[in-house]
Amino acid sequence: QPVSSAASVFDVSKYGAKGDGKTKDTDAVRKAFSDCASAGGGTVLFPSLHGENLPGESPVNVDAESQHTRRYEHDYWAADQVRLRRPIASSNHTVYLTGSFNISSNTIVMVNEGVTILASTDSKDFPLIQPLPWYGGGSDYQQSGDLIYQSFVHSYRADNIRITGGGTIDGNGEPWWKCWRGDHSSSPCKGVSRPHLINLVTGSSIEIDHLNIHNSPSWTLHFSNLTGVHLHDVVVVNPADAPNADGIDLDCSQQVLV
């Protein structure tokens, strides 16, 4: 069964994350996940900075209707619209701008309602890693043998993971789509296969629930060589013209319930 509670809490704001949507919080976020891994697991908390945020108090049983309207720049979007704007921090919304990060075993990632984890568009914030052997390259250059950008949210050989909380993970995909449509050697692509938004590789007991997931640079939810996955109460929205922004890719995995 996926982890449902964890005594140790690693609050990214306590590690120095600003949540203002402008300051890069990468170091704070990665340090929180590193300490969680060293402790053998726990809850990595992305709190709203505009009220109380304790693990277990986030309304993870979010009414489905409430997930279809979120604040983006100066207007609202609905689930049937094709273009989502970049989220901004405000008096009631916290935005953690960060590079990619890794989740270890026995970890809850708690993204509170009113919080967006926003991906950096700087390719330097995405380490280059070996591609999955059965692809031989990234999704843009399969069988090329080239290194690929690590996914924004990543795990490898990790079990017992839950990502939840009622908040949003936003891949900030527009610059990646633009370079793919035009000059793929330009930034941020730089001739490398675009990063997936969430890629969990080789593990078991995974649950992703009560999240809004938007604007993936490429594939959105990629489950690779996993056993025991439960995906529910998740809203995935990418623009209709976002290249190869697949919603869910089930890849060499078993016992998966969507």
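The structure we're discussing is the one just above.
Remember, predicted model here, so these are calculated numbers, not experimental data.

Cut-offs applied
Residues numbered from 1 in each chain as written. Predicted model: local features only at pLDDT ≥ 70, side-chain atom pairs only at ≥ 80, totals over all residues. Heavy atoms only, no water. Helix = DSSP H or I, 4+ residues; strand = E, 2+ residues; numbered from the N terminus. Polar contact = N/O pair within 3.5 Å; in protein donor to acceptor, adjacent residues only side chain to side chain. Buried < 20%, exposed > 50% of the residue type's maximum accessible area, 1.4 Å probe, protein only. Pairing = 2+ DSSP bridges. Salt bridge = Lys/Arg side-chain N within 4 Å of Asp/Glu carboxyl O. Arc of directions from axis to C-beta. Contact = heavy atoms within 4.5 Å. Core = buried A, V, L, I, M, F, W, Y, C linked by side-chain atoms within 4.5 Å.

Asks: Kindly report on the environment of His232, identifying the contributing residues and their values.
Replies: Structurally, His232 is set in strand 16 (residues 221–237). C-alpha separation for the pair His232 and Leu257, spaced 25 residues apart in sequence, amounts to 8.2 Å. At a separation of 2.7 Å, a polar atom in the side chain of His232 contacts the side chain of Glu207.

Asks: Help me get a handle on the pairing of strand 17 (residues 248–251), residues and values and all.
Replies: By the alternation rule, side chains of strand 17 split into Asp249 and Asp251, which are all buried, and Ile248 and Leu250, of which none is buried. As paired elements, strand 16 and strand 17 share four bridges and run parallel to each other. In the strand pairing of strand 17, Phe223 is matched with Leu250.

Asks: Mind laying out the pattern of salt bridges, listing which residues take part and the relevant values?
Replies: Proximity of charged atoms lets side chains of opposite charge pair with each other. For the structure shown, the criterion picks out six salt bridges. Residues Asp125 and Lys24 are paired through a salt bridge, measuring 2.7 Å at the closest nitrogen-oxygen approach. Taken as a pair, Asp125 in the loop between strand 9 (115–119) and strand 10 (128–129) and Lys24 in strand 2 (residues 20–24) lie far apart in primary sequence, 101 residues in all. On the basis of relative accessibility, which here comes to 11%, the residue Asp125 falls in the buried class. Note that Asp35 is salt-bridged to Lys31, the shortest N-O span being 3.1 Å. Of this pair, Asp35 and Lys31 both sit in helix 1 (residues 26–38), four residues apart, which is roughly one turn of that helix. You can call Lys31 partly exposed: its relative accessible area is 43%. Overlapping salt bridges, with partners in common, bring together Lys24, Asp122 and Asp125 in one network.

Asks: Report on helix 2 (residues 174–181), specifying residues and quantitative values.
Replies: When we look at burial in helix 2, the residues that qualify are Trp176, Trp177 and Cys179. One side of helix 2 carries all its buried residues, which in axial view fall inside an arc of 170°. In this structure, the buried side of helix 2 is in contact with strand 11 (148–149).

Asks: Talk me through the nonpolar core; I want residue IDs and the actual numbers.
Replies: In terms of nonpolar packing, the biggest core is built from 42 residues, with Phe46, Phe152, Ile163, Ile169 and Ile208 touching the most fellow members. Elements with a contribution of two residues or more to this core: helix 1, strand 3 (42–46), strand 8 (107–111), strand 9, strand 13 (161–164), helix 2, strand 15 (198–214) and strand 16. If you tally residues by element for this core, the top one is strand 15, at six residues. When near neighbours in sequence (up to four residues on either side) are disregarded, Ile163 contacts Ile103, Val109, Val153, Ile169, Glu207, Ile208, Asp209 and Leu211.

By themselves these figures say nothing about function.
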